[in-house]
Amino acid sequence: EKELKHKLEKVRYWDQVEMPILDDNQYILSSLLDEDRVFFFEKGRSYIDALNEMIEILTDEGQIDEGFGERLFEREEKGTMVFDNGVAIPHGIQKANDRMLLAVGIFEEATEHKGHPVRIIFFMALPEQSDADDMLMIRVYDELLEISRDTEMLDAIVRTQTWPELMRVLYKKA
């Protein structure tokens, strides 16, 4: 029953992700990632520098619009998007396309931002308007919160140094 329920849930999100979901143990958020949207930052890199690099690359690739970075930093000034356990979830509205974009930034060593340690950035660009089911966004946020509460999972993510290693970590244990 549980397996059938999960398979039906995957079908619901199928048209909203560009890569098919592999099986019941794969996080839906991992289906939104690709190798070009995973960033590994060396020791000593600041949170702001890392965000700027992510924004610049994603803008150059046309995955987010030119004004996204400015909107994101305006939002950051109103209140930090860094949460417990060294997880940052900067997010904002993007106008480049009608799909949710997820990127991940992983720091070799935690950096500090406004008095909070940052080890992992889950960068989200949400479509301005989309016919897609809001349930996908809710599900991804839910998974991000689940991961951010799991210290062992976060430690495993931080230890990754390559795309395949990250995908193995995001593979749930049965």
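Conventions adopted
Residues numbered from 1 in each chain as written. Predicted model: local features only at pLDDT ≥ 70, side-chain atom pairs only at ≥ 80, totals over all residues. Heavy atoms only, no water. Pairing = 2+ DSSP bridges. Helix = DSSP H or I, 4+ residues; strand = E, 2+ residues; numbered from the N terminus. Salt bridge = Lys/Arg side-chain N within 4 Å of Asp/Glu carboxyl O. Buried < 20%, exposed > 50% of the residue type's maximum accessible area, 1.4 Å probe, protein only. Expected span 1.5 Å × (residues − 1). Arc of directions from axis to C-beta. pLDDT = per-residue confidence, 0-100. Contact = heavy atoms within 4.5 Å. Core = buried A, V, L, I, M, F, W, Y, C linked by side-chain atoms within 4.5 Å. Phe/Tyr/Trp six-rings, centres within 6.5 Å; stacked < 30°, edge-to-face > 60°.

## Here we look at the pairing of strand 4 (residues 101-113)
Okay, step 1: Taken together, the four bridges between strand 1 (residues 38-41) and strand 4 define a ladder with parallel strand orientation. Looking at strand 4, one finds that F39 is bridged to G105.
Okay, step 2: Bridge count between strand 4 and strand 5 (residues 116-127): nine bridges; the pairing is antiparallel. Residue pairing for strand 5: A103 is matched across the bridge by F123.
Okay, step 3: In textbook terms, the turn of a hairpin is the stretch between consecutive antiparallel strands, and for strand 4 and strand 5 this stretch comprises two residues, one of which, K114, has a positive phi near 50°.

## Section: the pattern of salt bridges
Okay, step 1: Enumeration over the complete set of coordinates arrives at seven salt bridges.
Okay, step 2: Linking D155 and R119 is a salt bridge whose minimum nitrogen-to-oxygen distance equals 2.8 Å. Placement of D155 in helix 6 (residues 151-159) and of R119 in strand 5 is noted, with a sequence separation of 36 residues between them.
Okay, step 3: Classification of D155 as partly exposed rests on a relative accessible area of 28%.
Okay, step 4: Connected through shared salt-bridge partners, E42, R45 and E53 make up one network.

## As for helix 3 (residues 47-60)
Okay, step 1: End to end, helix 3 covers 20 Å across 14 residues, agreeing with the expected 20 Å (1.5 Å per residue, within 8%).
Okay, step 2: Along helix 3, the residues classified as buried are Y47, A50, L51, M54, I55, L58 and T59. Angularly, the buried residues of helix 3 cover 160° about the axis, an arc narrow enough to put them on a single face. Across from the buried face of helix 3, at angles greater than 90 degrees, the exposed residues are E56 and D60.

## Description of the confidence of the model for the protein chain
Okay, step 1: Put simply, the protein chain has an average pLDDT of 84, and 81% of its residues get 70 or more.
Okay, step 2: Of all helices and strands in the protein chain, the one with the weakest mean pLDDT is helix 1 (residues 2-13) (54), whereas strand 1 scores best (97).
Okay, step 3: Every residue in residues 14-22 is under pLDDT 50, and counting partners more than four places away or in other chains gives 20 contacts.

## Some points on the nonpolar core
As a rule of thumb, nonpolar side chains are buried together in soluble globular proteins.
Okay, step 1: Ranked by internal contacts, the top residues of the largest apolar core, which has 30 residues, are L29, F122, I147, I157 and L170.
Okay, step 2: Counting only elements with at least two residues in this core, the list comes to helix 2 (28-32), strand 4, strand 5, helix 5 (134-149), helix 6 and helix 7 (163-169).
Okay, step 3: Broken down by element, this core gets its largest block of residues, five residues, from helix 6.
Okay, step 4: Apart from the residues lying within four places of it in its own chain, the contact partners of L29 are L102, V140, E143, L144, I147 and L170.

## Description of the packing of aromatic side chains
Two descriptors summarise a pair of aromatic rings, namely the distance from one centre to the other and the angle between the planes of the rings.
Okay, step 1: Under the criterion given, the structure shown has three aromatic pairs.
Okay, step 2: Here F41 and F107 contribute two aromatic rings whose centre-to-centre distance is 5.3 Å and whose plane-to-plane angle is 35°, an arrangement assigned as tilted. A residue pair is termed long-range when its members are at least 10 positions apart, and F41 in strand 1 and F107 in strand 4 qualify at 66 residues.
Okay, step 3: On the basis of relative accessibility, which here comes to 2%, the residue F41 falls in the buried class.
Okay, step 4: Note on F107: relative accessible area 1%, which makes it buried.
Okay, step 5: Centre to centre, the rings of F68 and F123 are 5.5 Å apart; their planes meet at 50°, and the pair counts as tilted. Linking F68 in helix 4 (residues 68-78) with F123 in strand 5, this pair joins segments that are 55 residues apart in sequence.

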